[in-house]
Amino acid sequence: MVEEGNKIQEEVVEGDENGSPKRGILVGRGCNIRAPIDWFRMLSKETHWSLVGGIVAIYGINQGFGGALARVGTEYYMKDVQKVQPSEAQAYTGITNIPWIIKPIWGLLTDVVPVFGYRRRPYFVLAGILGILSMFFLSFHEKLHIVLALVCLTVGSGGVAIADVTVDACVAQQSGIHPSLAPDLQSLCALSSSIGALIGFSLSGVFVHLIGPKVALFFGVYGLLSVPFALVLLVGLVLKEPHSPSFAYRQINEKFFDAATAMWTTLKCPEVWRPCLYMYLSFALSLNIYEGLFYWETDSKAGPSFSQETIGFILSIGSVGSLLGAILYQYGLKTHPFRALLFWAQLFFGLSGMLDLVFILRLNLKLGLSDYLFAVIDESMFQLVGRLKWMPLLVLSSQLCPPGIEGTFFALLMSIDNFGLMSSTWLGGLLLHVLNVTRTRFDNLWLAILIRNVLRIAPLAFLFLVPKSGPESSGFSRVEVLSILEESESRIEVSSGLEDSELSKSEEVELTPLVSSVG
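Calculation notes
- Residues numbered from 1 in each chain as written.
- Predicted model: local features only at pLDDT ≥ 70, side-chain atom pairs only at ≥ 80, totals over all residues.
- Heavy atoms only, no water.
- UniProt positions renumbered as here; feature names shortened; annotations may be inferred.
- Bend = angle between axes of the 7 residues up to and from the residue.
- Helix = DSSP H or I, 4+ residues; strand = E, 2+ residues; numbered from the N terminus.
- Salt bridge = Lys/Arg side-chain N within 4 Å of Asp/Glu carboxyl O.
- Buried < 20%, exposed > 50% of the residue type's maximum accessible area, 1.4 Å probe, protein only.
- Phe/Tyr/Trp six-rings, centres within 6.5 Å; stacked < 30°, edge-to-face > 60°.
- Axes fitted to C-alpha atoms, helices over the stretch in contact; angles between N-to-C directions.
- Parallel < 35°, antiparallel > 145°, perpendicular 65-115°, else oblique.
- Contact = heavy atoms within 4.5 Å.
- Nonpolar A, V, L, I, M, F, W, Y, C, P; charged D, E, K, R; others polar.

In the nomenclature of an unreviewed UniProt entry, the protein is known as Folate-biopterin transporter 2 of Centaurea solstitialis. Per its UniProt entry, the protein bears the Subcellular location (unreviewed entry) comment "Membrane".

Shown next, in the form of structure tokens:
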């Protein structure tokens with residue numbers, strides 16, 4: 001037994017033929033209690049502790065924990081304070097997500113425009129300041145006009161988006177230097193987000209129970225959300241990043257043009273635009289009608305009349321499904337081919353939506369399952385399958401980013417996903433409006449669910465757009481992106497601040513200052 005444990009321990013830190021670690025949290029046939037610690041140590045050693053800590057702070061605390069509190073608070077804020085219809089709430093949600101649609105702009109700034117000699121750190125600081133100011137303004141003004149409330153929520157969303165695209169740029173850059181670590185870094189992002197969401201949803205219910213719904217859920221939550229943004233600001237102060245004081249700011253316009261040309265050239269490649277098209281369709285066709293379900297669940301006549309506290313606990317327990325999905329992907333699915341994994345994930349995503357139909361028709365009561373228990377099962381399945389559907393797309397996106405414009409191109413790919421999500425939200429709101437689902441009328445909600453479930457399966461017809469290869473195969477990679485750019489007489493050069501040790505581990509591609517001339 002001791003020998004077996006030592007063998008697993010050795011495999012965790014052992015590298016492959018390229019000198020990169022082989023696996024993630026668990027390696028080997030046995031189970032090692034120290035494996036998660038060794039995994040964190042390995043990632044910290046291969047990248048840097050400040051990057052690992054930044055991922056935990058931004059994905060775990062700012063997006064996971066903070067996003068959970070903001071979601072519950074904003075749902076009730078729109079319903080009980082602003083008193084809007086479900087379709088209107090979905091339209092407003094789409095507006096607050098606009099900063100996520102323009103993520104390439106943030107990515108382009110982080111790649112092309114350094115501030116005080118740094119490309120990433122100042123943008124973390126900016127994101128933290130924007131979030132702190134917007135959340136404080138919301139928390140100190142109880143009766144805001146809907147326009148001002150949307151401005152504050154959009155600015156806060158912009159702070160989260162800027163921090164997200166900046167840390168994504170760091171992750172994409174490290175994924176290029178250490179290709180075998182790409183699934184591990186994405187797993188760290190997913191695990192941090194899921195655990196943070198679990199804690200955030202749990203505390204939102206506790207706040208309602210101890211302090212009272214209106215104070216705790218609406219305005220106390222927005223004040224509390226300034227703390228995660230303060231941590232984002234702290235990441236900007238401690239992140240390890242090469243300092244390049246001699247930057248020719250007069251060449252910014254040229255560099256913007258060169259980076260945009262390089263992005264467009266890369267995006268025109270069939271190996272790139274085909275997966276991008278699938279990602280958009282997979283999200284856009286999966287209509288989001290959550291506001292209609294939320295209004296029904298909290299309605300005292302038509303629905304089960306869940307309280308604010310109950311909603312918080314349902315979401316917290318349901319977020320365990322997201323955590324399990326991230327763990328399942330990390331332990332057993334991360335090496336599977338993209339197309340096969342996405343086929344089953346999309347299929348189960350459509351089938352899991354039938355649970356909502358069972359819930360709306362109250363068939364769960366005939367099966368002897370209480371509303372609370374069934375809602376927990378429903379939310380857990382949705383989160384689990386959704387995470388399994390999302391993870392391979394993230395890994396695939398990180399491997400498509402050409403060196404030098406990692407932040408910009410990864411942000412472009414994520415903005416395509418977010419545009420799909422916004423399309424899903426607005427189309428779902430339109431469906432609720434057409435079917436006359438309002439604050440008090442839910443007669444056609446079952447039909448909306450049925451239409452959504454059918455459309456969830458539709459992306460299976462477009463799976464041919466996704467490569468058959470897996471993350472560790474010899475399929476399409478950043479090296480091929482570079483070769484395509486060279487064939488188009490485009491030359492991308494990346495920051496000269498990269499350490500020599502990292503340069504020797506990259507894909508034997510010359511990495512010199514960020515973006516040079518194109519053509």
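Of all bends in helix H3 (residues 49–81), the biggest is about 35 degrees, found at Gly 67. Positive phi shows up at Lys 83, right after H3, with a value of about 55 degrees.

It is worth spelling out the UniProt feature "transmembrane region" (unreviewed entry) in the protein at this point. Residues annotated in UniProt with the feature "transmembrane region" (unreviewed entry) correspond here to residues 123–140, 146–167, 188–211, 217–239, 311–329, 341–361, 419–438 and 445–466. The annotated region residues 341–361 carries 90% helix and 0% strand content, and the separation between its end C-alpha atoms amounts to 32 Å. Taken end to end, residues 445–466 is 59% helix and 0% strand, and its first and last C-alpha atoms sit 33 Å apart.

Applying the stated criterion across every chain, the model contains two salt bridges. Arg 452 is the partner of Asp 356 in a salt bridge, and the nearest nitrogen-oxygen pair spans 2.9 Å. Of the two residues, Asp 356 is situated in helix H17 (residues 354–360) and Arg 452 in helix H21 (residues 445–457); the sequence distance between them amounts to 96 residues. Given the relative accessible area of 11%, Asp 356 is considered buried. Owing to a relative accessible area of 3%, Arg 452 belongs among the buried residues under this scheme. Here Asp 371 and Arg 362 are joined by a salt bridge, their closest N and O atoms 2.4 Å apart. Residue classification places Asp 371 among the buried residues on the basis of a relative accessible area of 13%.

Attention shifts here to the packing of aromatic side chains. Two numbers describe a pair of aromatic rings. These are the distance of the centres and the angle of the planes. Evaluated as defined, the whole model comprises 14 aromatic pairs. Summarising the aromatic geometry, the rings of Tyr 76 and Phe 294 are spaced 5.1 Å apart at their centres and angled 80 degrees between planes, so their arrangement reads as edge-to-face. Here Tyr 76, found in helix H3, pairs with Phe 294, found in helix H14 (residues 290–297); they are 218 residues apart in sequence, far enough to count as distant. Across the pair, exposure class does not vary: Tyr 76 and Phe 294 are buried alike. Judged by centre distance (5.4 Å) and plane angle (70 degrees), the ring pair of Phe 283 and Trp 390 falls under edge-to-face. Of this pair, Phe 283 sits in helix H13 (residues 270–284) while Trp 390 sits in helix H19 (residues 371–399), placing them 107 residues apart in sequence.

So, about the packing of H3 against H14. Helix packing geometry: the angle between the two helix axes and the distance between the axes. Where H3 contacts H14, the two axes come as close as 12 Å, and the packing angle between them is 75 degrees. The angle between H3 and H14 places the two elements in the roughly perpendicular class. Only Tyr 290, Glu 291, Phe 294 and Tyr 295 of H14 make contact with H3, whose side of the interface consists of Arg 71, Glu 75, Tyr 76, Met 78 and Lys 79. Its residues assigned to classes, the contact of H3 with H14 comprises five nonpolar, no polar and four charged.

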